[in-house]
Every structure is written in structure tokens, then in C-alpha cells.
Number of protein chains: 2
Amino acid sequence: MLADTSETSSRPNVKTILKQLEGDGVIGISVDCVIFGFDESELKVLLIKSDFKNYEGKWSLLGNLVNNHEDLDQAAYRVLKERTGLDDVYLEQVKTFGEVFRHPAARVVTIAYCSLINVQHHEIKKLDNELHWHRVTALSDMAFDHKKILDTCYVWLQKRIQEHPLGFSLLPKKFSLRELQNLYEAILNVKLDRRNFRKKFFSMNLLEDTDEYESDVPHRPGKLYRFNYEKYQKKERKKWFGIDF
Amino acid sequence: MLADTSETSSRPNVKTILKQLEGDGVIGISVDCVIFGFDESELKVLLIKSDFKNYEGKWSLLGNLVNNHEDLDQAAYRVLKERTGLDDVYLEQVKTFGEVFRHPAARVVTIAYCSLINVQHHEIKKLDNELHWHRVTALSDMAFDHKKILDTCYVWLQKRIQEHPLGFSLLPKKFSLRELQNLYEAILNVKLDRRNFRKKFFSMNLLEDTDEYESDVPHRPGKLYRFNYEKYQKKERKKWFGIDF
DNA sequence: AATCATTGTGTAAATTTTACACGTTTTCTC
DNA sequence: GAGAAAACGTGTAAAATTTACACAATGATT
């Protein structure tokens, strides 16, 4: 009730820290994680109920103050681990938000991270039962400027997923092409042609054929594939994509 | 000599502030501007000689601590204005660097901004004669982690310029297609076909035909064009670019 | 008047993207 | 176990985009 679980931690001294920041006229630094998951063919985001008094009951991103001795990325990993128990996840810095009055208690600059996790392989620590997966598209009101942060990360993801192989982090290690296509369709909110989609991915030569098939589907099972990160790394990047705007 | 002009300001109390940060175990926040210019068909970056003792004589980005009452963008604008006298410039946040020991005096998290200015239209305040334009490709050693920041911003620019109309900020309002092509070739470090380049830009329908021509060129002068930002703004953005990685 | 340097322009070939349909495989139900 | 339902897996032709490439026109310089 004293400290918001996003902007601050569950450490007992957060309120104190914010007070101190306020008093000293010093700027606080936090990280906020936009944790995306993919479930039931929908893009979800992991949120927590804010207990910060100005925003009681509103949804908030998972975040925390950055410790003095830890790098920003480390801080984001820590938040992620504390909340989800996962540490082997995709995590990338997206943007820093630092408007003067974005936090009501003190000046806090927050570095937003985007994280992608595979919802299946992971049981959220339900100690904290204020934690919930939300459909990304069905969110309006949020605590602080977190809606803006979420929107920024979502747009970032939409673009990023078309140019980098991050989408696979949202899927099981072995996945069918249908799942992959559903993922792209859900995130980009478009309908894609199945044959062209397959053609595209096969032509990249980065999908490895496992010899397994889907199970528990009520129809002909599809082949399962695995993304070959090594091969991807070795690929040379072109610097010329063509001008287009 | 006491305070570095990039990480800190020429305000007299910077050393004090850093000391205080250090003592309190509080994290400082700065902005650093990577100011790009285009001159003699080369991409340049505006740097200053560091007077911070650990990095004496090394080149440093232009930066400063963020004031309590100003937004991050404002802080970046302030730095830019203080150093170049310009305020109507392209400025965009790129990435935040926050490694624990990136600054020797205290923990300072810095938000890197990329700025693009038209070198012609602007006389650098030469009060500060430690300020110089450097070829981007001919830089190795820099103060702090500024080389890393510069590299990040350069790569960012290479990508960005192909997808957004920022390049024009590096040119005069009226420019020839040759200048524009030189710009792209210099930044991307590629050779482009002149006819295809022209075709591409004309097909976007965003270049306005001024009825003027180059002057002072020792050959047939080219037509001058102007970029139509309004038209660009109104254009609808597609969300599907095609998967490619 | 001749030379030099650069502008401005079009077309054909190659590549990439798009649109589109049917036989196959497995599960489920009766 | 026969038939229906659902999704899998596959290829080709048309359209659009990208690439490669050459020559006449213009203005400046001598």
C-alpha cells in the first residue's frame, strides 16, 4: 500500500528512498519490463495491480528501482526473475521515459525493456496473485505512463519481429508453422497467406526440421520446426535494404 | 580541468554534484548528444576535447547532467543549444547507457540522443574552440564509453535513414538529388545507381520541385528540390513490410 | 568553338511478391 | 470402420519491384 510494485520494489525501504529522492531533488532510476507472452493465439502482457495510492487498482508494468551496483540490463533481469522465476529470456532495452511528473511521488526516470517469454514453459510465481496476463489490445487505463510505455513497446515489437528473429522466444522450442503464422498475424494484426508465409520462412533456411509432429491437435498434425540461431548469427547482414518511407 | 564537459556541464557545481552523487550512492543522469553533420560529402560528428582528468585530450560527446525540472528531451535540446546555438534541429533518443563503471567519478546513467544538423546553416559557437567536426569513420579512441555510444548511434542512423526522412535534416532546405545521393552513399558506405536512386525518390512523391538550380558548380547545375514533410505526415503507414532477417 | 563534368532520362531482364486450389492426413463421430 | 471435418502440404502464373545499363543535353571553362 505504501510502495508501488512497479516503480518500486517490495523491499521495505522504497517509500523511504522515494521520499529521500524527493527531498534531495535527486532523480531516481527504475526499469520497467513489458513482458509479452503468446497464448491462445493472442499477444498478452504481464501486469500487476498497482498498490501505489494514486493509482489504486490500476494495472501496472513490472518494474523496480535500479540498484547502485547493477547495470541496467541486470536490473531488468532481476525484475524479470523476481516476478516470473525465469532468467533465460529475451530482453531488450526499448526506450527511456523521463518526463518530470511521470511519477507522482518523486522524479523517476525509467528505462523500458521489452521481454518475450514462452508462456507454456513457465509458471508465474503466483505468490503474487495480483499478477495477470492481459490481452494487449484490450487495455486502456493504466498506472503512471505505463500505457504509453506499453504502446511504445508494442509498436517496437511489431516492427522488430519483421526484421529480427525474436518471435521464436514467444513459442516453444519446437513449433509448427501454423503457430508461427498465428504469432505474426496476432502481433501485426494482419491476415497472411499460408503458402507465401511458409515459402518465405523456408527460403531463409533457418528453420530446422525436427522429425516430430504436433500432438493433441484435433486434425492432421503439422511438422515441428526449430529455429537455428547459430546459422542466423553467422549470416551476414546487409546494410542496404532500400529506401522506403 | 575538474569536470568533463560532456558528462557534466560548464556550470561551476558539477564536480560538487558528482562528488555528492558518489557519496550518497545515488545515480546521476546525463544526456549525451551525437551530433551528426554532413560536409564535403562526408558524415561528421561534433566532438569536444575532454577535460576530465582520466580522459585528458580524448574526444568526447557533448553532454550534460539532466536538471531536476526538465524532461530528458529538453535536456538534450539544452545541450545542443548551448553548444551549437541551434534549436530547430532533428533530435531523437536512441539508447540509454548505464553500466556501473562507465564514468570514473560516479555512477552516471546517460541517455544518448542523435541529432542531425545542417552544417552550412550554422556557425558553431567558437567560444569553445575545443569543438571540432570529425569524420565518423576515422575515430577510434574516445573518452568514457563514447565510442560505443557513437557506434550505436551511427548504426541506428544507417538503418533509420532508409526508413524515415531524416537525411534531409543534414542538407540545406533546397538540395539537388546529387547531394541527396552523396548523403546516402556516405552514410551507408555504398555506391548507388544514379538513375534508380532518382526513380526511387521521385516515385515517393515527396520531393517538391523548386524552380531553382544549383549555382557555383563548375558544370551543368542540377535542379533543387525541397522535401514535403506535410505530405509525408499525412501518408498512411503500412504495418506489414514483409519478414526479412 | 571545343572540351569537360555532370545532369536528366527509359527500357529490358531479373527478382520478388502476390494470388490462388486441391489432394492428403489425421481426428472425431456415429 | 465409414464418412465428415479440419487443417496440412504443395506449385504456378501474374503482377510488382528492383536492378543493370548508355546516351543526348546543358552549362562552365578554356
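It should be emphasised that the depicted structure is a prediction, and the values quoted were computed from it without experimental measurement. (Residues numbered from 1 in each chain as written. Chains lettered and ligands numbered in written order. Predicted model: local features only at pLDDT ≥ 70, side-chain atom pairs only at ≥ 80, totals over all residues. Heavy atoms only, no water.)

The next point concerns the overall build of chain A. Helix and strand counts for chain A stand at six helices and nine strands. In chain A, 67% of the contacts between residues at least 6 apart in sequence involve partners at least 24 apart. When the accessible surface of chain A is summed, it comes to about 12,000 Å², and 48% of that surface belongs to carbon and sulfur atoms. (Helix = DSSP H or I, 4+ residues; strand = E, 2+ residues; numbered from the N terminus. Contact = heavy atoms within 4.5 Å. Areas by Shrake-Rupley, 256 points an atom, 1.4 Å probe, with all protein chains shown as cover.)

In this section: the relation of the copies chain B and chain A. Of the transformation placing chain B onto chain A, the axial shift is 0.0 Å and the rotation is 180°, giving an RMSD of 0.0 Å. On this basis, the relationship between the two copies can be described by a two-fold rotation axis. The overlap is high: 100% of the interface residues of chain B also sit at the interface in chain A, so the same surface is used on both sides. (Least-squares fit on C-alpha atoms with pLDDT ≥ 70 in both.)

This next bit is on the domain arrangement of chain A. Residue and element names in this part refer to chain A. According to the domain assignment, chain A consists of domain 1 (14-161) and domain 2 (172-234). The distance between the C-alpha centroids of domain 1 and domain 2 comes to 29 Å. Each partner contributes residues to the interface: domain 1 has eleven residues there, and domain 2 has nine residues. Summing both partners gives a buried area of about 850 Å² for domain 1 against domain 2, and 70% of it is carried by carbon and sulfur. (Domains from an automatic or database assignment. Buried area = accessible area lost by both parts, 1.4 Å probe.)

It is worth spelling out the environment of W240 of chain A at this point. You can see W240 of chain A is positioned in the segment after α6 (229-234). By relative accessible area, which is 32% here, W240 of chain A ends up partly exposed. Measuring from C-alpha to C-alpha, the distance between W240 of chain A and L224 of chain A comes to 33 Å, with 16 residues separating the pair along the chain. Once you skip the residues sitting within four places of it in the chain, W240 of chain A turns out to touch Q162, L188 and L192 of chain B. (Buried < 20%, exposed > 50% of the residue type's maximum accessible area, 1.4 Å probe, protein only.)

Turning our eyes to something else, we now look at the interface of chain B and chain A. The partner chain A presents 50 residues to the 50 residues of chain B that form the contact. For the pairing of chain B and chain A, the buried interface totals around 4,200 Å² over both sides, and the portion due to carbon and sulfur atoms is 59%. The largest per-residue losses of area from chain B upon contact with chain A belong to Q162, I243 and F245 of chain B, which jointly make up 21% of the total buried on that side. At the junction of chain B with chain A, the criterion picks out four salt bridges. (Salt bridge = Lys/Arg side-chain N within 4 Å of Asp/Glu carboxyl O.)

Turning next to the packing of aromatic side chains. Tallied over the full model, the rule gives 30 aromatic pairs over all chains. Look at F201 of chain A and F245 of chain B: their rings are 6.2 Å apart centre to centre, the planes differ by 70°, and that puts the pair in the edge-to-face class. Of this pair, F201 of chain A sits in helix α5 (residues 194-204) while F245 of chain B sits in the segment after α6 (229-234), on two different chains. For F245 of chain B, a relative accessible area of 8% corresponds to the buried category. Taking the centre distance of 6.3 Å and the plane angle of 65° together, the rings of F227 of chain A and F245 of chain B count as edge-to-face. Linking F227 of chain A in strand β9 (residues 223-227) with F245 of chain B in the segment after α6, this pair reaches from one chain into another. A single burial state applies to F227 of chain A and to F245 of chain B, both of which are buried. Above the face of the F52 of chain A ring, K53 of chain A is positioned so that its terminal group lies 5.9 Å from the ring centre. Lying over the aromatic face of Y232 of chain B, R237 of chain B brings its terminal NZ or CZ to 4.2 Å of the ring centre. (Phe/Tyr/Trp six-rings, centres within 6.5 Å; stacked < 30°, edge-to-face > 60°. Lys NZ or Arg CZ within 6 Å of the ring centre and 35° of its normal.)

Turning next to the pairing of strand β6 (residues 108-116) of chain B. The two faces of a sheet get side chains in turn, since along a regular strand they alternate between them. Residue and element names in this part refer to chain B. Most of β6 is tucked away, with nine of its nine residues classed as buried. Because side chains alternate across β6, one face comprises the buried residues V108, T110, A112, C114 and L116, and the other comprises V109, I111, Y113 and S115, equally buried. In terms of strand pairing, strand β1 (residues 28-39) meets β6 through nine bridges, oriented parallel. The residue of β6 that forms the bridge with I35 is S115. Of the pairings in the sheet, the one linking strand β5 (residues 90-97) to β6 comprises seven bridges and is antiparallel in character. Residue pairing for β6: E92 is matched across the bridge by C114. (Pairing = 2+ DSSP bridges.)

Moving on: the pattern of salt bridges. Residues and elements named next belong to chain A. Under the counting rule described, the total for this entry stands at 34 salt bridges over all chains. In this structure, E70 and R78 form a salt bridge, with 2.5 Å as the shortest nitrogen-oxygen distance. For the residue pair E70 and R78, the accessibility class agrees, reading buried in each case. Among the ionic pairs, E212 bridges to K174, the shortest N-O distance being 2.4 Å. Separated by 38 residues along the polypeptide, E212 in strand β8 (residues 207-213) and K174 in the loop between α3 (146-163) and α4 (177-188) bring together distant segments of the chain. A relative accessible area of 36% places E212 in the partly exposed class.

A separate point is the protein's contact with DNA strand C. Near DNA strand C lie 19 residues; those nearest to it are R220 of chain A together with R194, R195, H219 and R220 of chain B. At 3.0 Å from a base nitrogen of DNA strand C is found a side-chain nitrogen or oxygen belonging to N196 of chain A. Here a base oxygen of DNA strand C sits 3.0 Å away from a polar atom, N or O, in the side chain of K199 of chain B. Within the residue set of the surface near DNA strand C, elements represented by two or more residues are α5 of chain A together with α5 (194-204) of chain B. By residue class, the composition of the surface near DNA strand C is three nonpolar, four polar and twelve charged. (Near = heavy atom within 4 Å. Polar contact = N/O pair within 3.5 Å; in protein donor to acceptor, adjacent residues only side chain to side chain. Nonpolar A, V, L, I, M, F, W, Y, C, P; charged D, E, K, R; others polar.)

Before going further, it helps to examine the protein's contact with DNA strand D. In the vicinity of DNA strand D lie 19 residues, with R194, K199, H219 and R220 of chain A together with R220 of chain B positioned nearest. Here a phosphate oxygen of DNA strand D sits 3.1 Å away from a polar atom, N or O, in the side chain of R178 of chain A. K200 of chain B is positioned with one of its side-chain polar atoms (N or O) 3.2 Å from a phosphate oxygen of DNA strand D. Mapped by element, the contributors of at least two residues to the surface near DNA strand D are α5 of chain A together with α5 of chain B. Taken together, the residues of the surface near DNA strand D sort by class into three nonpolar, four polar and twelve charged.

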